Amino acid sequence: MNLWFRLLHLLLCSLFRPKLDAPFGVSRLQFRVLPNDLDSNLHMTNGRYWNIFDLGRLDLILRMGLGKVALREKWAPIVGAGTIQFRRELKPFQRFTLETRLVGWVGTRGIMEQRVLIGPEQKTATRALLITGIYDRRARQFVGMPQMMESIGVVAPPSPALSAAAEALLAADLALKQDHD
């Protein structure tokens, strides 16, 4: 149930938080590990990270101005693939920061990075890369970055060069599709 409260809190707070510059603004959200985030090892369970990451992506979308456009145009943000690396555990009641950013794109596929940061040094506890997109339900196709950026009043610059990890994620996603198509 705490995700509903976290979602409601995010929606209310996003109305008052500053707008993020598209496409490279960074969402930073503060959380605390709650008792129902824990697994039998008494640290945050790996599945909860994906739920928390949803909130980071929603904050980024809302604060870049894409939320209103998505509702009006019947666009849906989609995650197509992801990979995650756990470096440090999150213990009960520990505070952490979730950073979410768009790091590049290829055609209609955006690559997002999400990091969980802990402690005063903001050390990376967890890092994930995701392949994302915006699906146009009316047209039954994904929206390209230029169209998406234009919809919020921004001219899309060229994508930065993708990291080796992002290229590997795209290759793994393609390989998985080929195995089952």
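Shown above is the structure to which this text applies.
Residues numbered from 1 in each chain as written. Predicted model: local features only at pLDDT ≥ 70, side-chain atom pairs only at ≥ 80, totals over all residues. Heavy atoms only, no water.

## Digging into the side chain of Gln114
Following the sequence through the fold, Gln114 ends up in strand E4 (residues 109–118). On the basis of relative accessible area, Gln114 is assigned to the buried category, the value being 0%. Of the polar contacts made by the side chain of Gln114, one reaches the backbone oxygen of Phe53; its length is 3.0 Å. In contact with Gln114, other than residues within four places in its own chain, are Phe53, Gly56, Arg57, Leu98, Glu99, Thr100, Thr126, Arg127, Ala128 and Leu130. (Helix = DSSP H or I, 4+ residues; strand = E, 2+ residues; numbered from the N terminus. Buried < 20%, exposed > 50% of the residue type's maximum accessible area, 1.4 Å probe, protein only. Polar contact = N/O pair within 3.5 Å; in protein donor to acceptor, adjacent residues only side chain to side chain. Contact = heavy atoms within 4.5 Å.)

## Some remarks on a nonpolar patch on the surface
Residues Leu8, Leu12, Leu15 and Phe16 make up a contiguous nonpolar surface patch of about 500 Å² in total accessible area. Within the secondary structure, Phe16 sits in the loop between helix H1 (2–14) and strand E1 (27–32). Residue classification places Phe16 among the exposed positions, given a relative accessible area of 73%. (Patch = residues over 30% accessible without salt bridge, like charges linked within 9 Å, V, L, I, M, F, W, Y side chains within 5 Å. Areas by Shrake-Rupley, 256 points an atom, 1.4 Å probe, with all protein chains shown as cover. Salt bridge = Lys/Arg side-chain N within 4 Å of Asp/Glu carboxyl O.)

## Re the pattern of salt bridges
Applying the stated criterion across every chain yields a total of 15 salt bridges. Here Arg127 makes a salt bridge to Glu113, at a shortest N to O gap of 2.6 Å. Of the two residues, Arg127 is situated in strand E5 (residues 123–136) and Glu113 in strand E4; the sequence distance between them amounts to 14 residues. One salt-bridge network, held together by shared partners, links Arg28, Glu99, Arg101, Glu113, Arg115 and Arg127.

## A word on the packing of aromatic side chains
In this structure the tally under the stated criterion is six aromatic pairs. Ring centres 5.1 Å apart and planes at 65° place the aromatic pair Tyr49 and Phe86 in the edge-to-face group. With Tyr49 in helix H2 (residues 46–63) and Phe86 in strand E2 (residues 75–86), the pair connects residues that are 37 residues apart, well separated along the chain. Using a relative accessible area of 3% as the deciding quantity, one classes Tyr49 as buried. (Phe/Tyr/Trp six-rings, centres within 6.5 Å; stacked < 30°, edge-to-face > 60°.)

## Comments concerning the nonpolar core
The biggest cluster of nonpolar side chains holds 18 residues, and the ones touching the most others in it are Leu66, Trp75, Met148 and Ile152. Broken down by secondary-structure element, the contributors of at least two residues to this core are H2, helix H3 (66–73), strand E3 (95–106) and helix H4 (145–151). If sequence neighbours within four positions are ignored, Trp75 has contacts with Leu66, Val69, Ala70, Ile134, Tyr135, Asp136, Val143, Gln147, Met148 and Ser151. Listed in part, the 17 residues of the second largest apolar core include Met44, Phe53, Leu98 and Ala125. (Core = buried A, V, L, I, M, F, W, Y, C linked by side-chain atoms within 4.5 Å.)

## Side note on the side chain of Glu99
For Glu99, the position within the fold is in strand E3. In terms of polar contacts, Glu99 uses its side chain to reach the side chain of Arg28, at 2.9 Å. In this structure the side chain of Glu99 is engaged in a polar contact, spanning 2.8 Å, whose partner is the side chain of Arg115. Every residue in contact with Glu99, bar those within four places of it in the chain, is listed here: Val26, Ser27, Arg28, Glu113, Gln114, Arg115 and Leu117.

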